[in-house]
Amino acid sequence: MLLYVPYIIWQVILANWDVLKRIWAADMPIDPRLTRIPYSTRAGFVTVTYANSITLTPGTVTMQVTQTEMLIHSLTKEGEDSLFEGDMERHCKRLEGG
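This section reports on the structure supplied with the text. (Residues numbered from 1 in each chain as written. Predicted model: local features only at pLDDT ≥ 70, side-chain atom pairs only at ≥ 80, totals over all residues. Heavy atoms only, no water.)

With that settled, consider the sheet that holds strand S1 (residues 33-38). Pairing is antiparallel in the open sheet, where three strands are placed in the order S1-S3-S2. The sheet is open, and its two edges are formed by S1 and strand S2 (60-65), each paired on a single side. Between one strand axis and the next, the sheet turns through 30° on average, direction left out of account. Direction of pairing for S1 relative to strand S3 (residues 69-74): antiparallel, over a ladder of six bridges. Looking at S3, one finds that Thr35 is bridged to Ile72. Helix H2 (residues 44-56) contacts S1, S2 and S3 of the sheet and is inclined by roughly 145° relative to S2. Sitting on the sheet, helix H3 (residues 77-85) is in contact with S1, S2 and S3, with an inclination near 5° to S1. (Pairing = 2+ DSSP bridges. Helix = DSSP H or I, 4+ residues; strand = E, 2+ residues; numbered from the N terminus. Axes fitted to C-alpha atoms, helices over the stretch in contact; angles between N-to-C directions. Contact = heavy atoms within 4.5 Å.)

Have a look at this one:
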């Protein structure tokens, strides 16, 4: 957990900066989308941590969690793409030893 907290704080800062730029710069697009993101965490605590981490980062909201995927609303394609890359899930899986 000690390694995860600095990671999520940095992700929140980066996401805030991105949303702020998009608010102030009219030429930066906002392209809202709903996407189903598969996940493979095993422990309920880690799945909840992952879903809440997505919601904590501005520009993304976890709307639904099923056994195999999460329904995510994101403001941009870049936000969606970053979830498919799986960096945040990998960091969360470290909490369960994965």
